[in-house]
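# Fold and contact review
Here's the letter readout for the chains.
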Amino acid sequence: MTSTRLASRLTSRRRPEPGRRWARVVMAVLATIGVIDTASITLNRWGVIGDLSCPGGADGCDKVLNSPWGSVFGQPLSLFGFLAYGAVLVMAVLPLVLKGEARTSLNGLSWWGLFLLSAGMAIFSLVLVGVMAFQIKAFCTFCLMSAAISLTLFVLSLIGGEWEDTGALLFRGVLTVLAVGLIGLGWATSLNRPESATGPGMPIPVTSASTPATVALADHLTATGAVMYSAYWCPHCHDQKQLFGKEAAAKLKIIECAPDGRNSQAALCASKNIQGFPTWEIKGQLDSGQKTLAQLAALSGYKGSIAN
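These notes cover the structure that comes with them. Just so it is clear, the structure is predicted and the values come from calculations on it, not from any experiment. (Residues numbered from 1 in each chain as written. Predicted model: local features only at pLDDT ≥ 70, side-chain atom pairs only at ≥ 80, totals over all residues. Heavy atoms only, no water.)

## Brief notes about a nonpolar patch on the surface
On the surface, W22, V26, V155, L158 and I159 cluster together to form a nonpolar patch covering roughly 410 Å² of accessible area. For W22, the position within the fold is in helix α2 (residues 21-45). The class for W22 is partly exposed, based on a relative accessible area of 45%. (Patch = residues over 30% accessible without salt bridge, like charges linked within 9 Å, V, L, I, M, F, W, Y side chains within 5 Å. Areas by Shrake-Rupley, 256 points an atom, 1.4 Å probe, with all protein chains shown as cover. Salt bridge = Lys/Arg side-chain N within 4 Å of Asp/Glu carboxyl O. Helix = DSSP H or I, 4+ residues; strand = E, 2+ residues; numbered from the N terminus. Buried < 20%, exposed > 50% of the residue type's maximum accessible area, 1.4 Å probe, protein only.)

Structure below.
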């Protein structure tokens, strides 16, 4: 009797843990690629690293990443992708490196975490692909790669988990897909900006009112040769012009850099090596990013008042 119990215990100890080890390894590798992809985009958007070489052309990447859908809560959308890939990496790797009871108890939980998180990532990625196709009408290779990784992670979680309770798997999966899908669609719809009534390739009209101070600053910038390099689809460019107001913005010298923009001067922008929008050229120096009126006054040597 004792020998039977001992044999049973040894067999139970040798019994493989549920889930396929190779699937975890592959998911960890893919998550690492996703971390590098999203971290690079985030650091670029924060201005920590320079321009990224986007396969298939930088115009599409710039248009997507600088669109209204490229940010959430004032931070690059890629930052949240980085956090999601980081979580996948941790859940995939921990059961491979832990030992004993900790490994056994974490194994099942981590598979559920991998399944639910990758399902949410996959459905949100599909929403983003739809936004690129039907709203932005441009594609970013980095974003498409991230979407492909998310979908692959989801498939691997289904295969690797060796699920016994398929009913619970289906129920939780459907709930996750519906919740993330509805939230994603609501978010994408809320950020939809109507195209300018003047036609395709034209920036959204400036609607704010100018003041004598903003008009005077705009006159000074133009008189001293300041140039704003812009793209019609760039929300930061629109916000920059909104700071001046309709009348003052009309006095600025604005160069359209988008190849498909109205009156495009893309060749000039390329010769200036314009990397982001808006970019100001003041006193022969290029300065990328949206500026406050005070910053523009200081850069151009404007001595007048900028208060309303």
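More follows now that the structure is in view.
## Brief notes about the sheet that holds strand β6 (residues 285-288)
The mixed open sheet is built from 4 strands, whose spatial order is β4-β3-β5-β6. The outermost strands of the open sheet, each flanked by one partner alone, are β4 (254-256) and β6. Strand-to-strand, the axes of this sheet are offset by a mean angle of 25°, without reference to chain direction. Sheet topology note: the strand β3 (residues 227-230)/strand β5 (residues 279-282) ladder contains 3 bridges and is antiparallel. The partner of V227 across the bridge, within β5, is E281. (Pairing = 2+ DSSP bridges. Axes fitted to C-alpha atoms, helices over the stretch in contact; angles between N-to-C directions.)

## A closer look at the packing of helix α8 (residues 212-223) against helix α12 (residues 293-300)
Following both chains from N to C, one finds α8 and α12 inclined at 35°, their axes separated by 11 Å at the closest point. Where α8 crosses over α12, the handedness of that crossing is left-handed. Across the interface between the two elements, T214, L217, H220 and L221 from α8 touch L293, L296, A297 and S300 from α12. A class-by-class count of the residues in the contact of α8 with α12 yields 5 nonpolar, 3 polar and no charged. (Left-handed = near helix turned anticlockwise from the far one by under 90°. Contact = heavy atoms within 4.5 Å. Nonpolar A, V, L, I, M, F, W, Y, C, P; charged D, E, K, R; others polar.)

## Focus on the packing of aromatic side chains
A complete count under the given rule lists 7 aromatic pairs for this structure. Centroid distance W112 to W163: 4.7 Å. Interplanar angle 55°. Geometry classified as tilted. Taken together, the residues span a long stretch of sequence, with W112 in helix α5 (residues 100-136) and W163 in the loop between α6 (141-160) and α7 (166-190) at a distance of 51 residues. Neither residue differs from the other here; W112 and W163 are each classed as buried. Summarising the aromatic geometry, the rings of F124 and W187 are spaced 5.5 Å apart at their centres and angled 35° between planes, so their arrangement reads as tilted. Here F124, found in helix α5, pairs with W187, found in helix α7; they are 63 residues apart in sequence, far enough to count as distant. Overall, F124 belongs to the partly exposed group, its relative accessible area being 23%. Through successive ring pairs, a cluster of aromatic residues spans W112, F115, F154 and W163. The side chain of R172 reaches across the aromatic face of W112, ending 4.3 Å from its centre. (Phe/Tyr/Trp six-rings, centres within 6.5 Å; stacked < 30°, edge-to-face > 60°. Lys NZ or Arg CZ within 6 Å of the ring centre and 35° of its normal.)

All we've got here are geometric facts, nothing functional implied.
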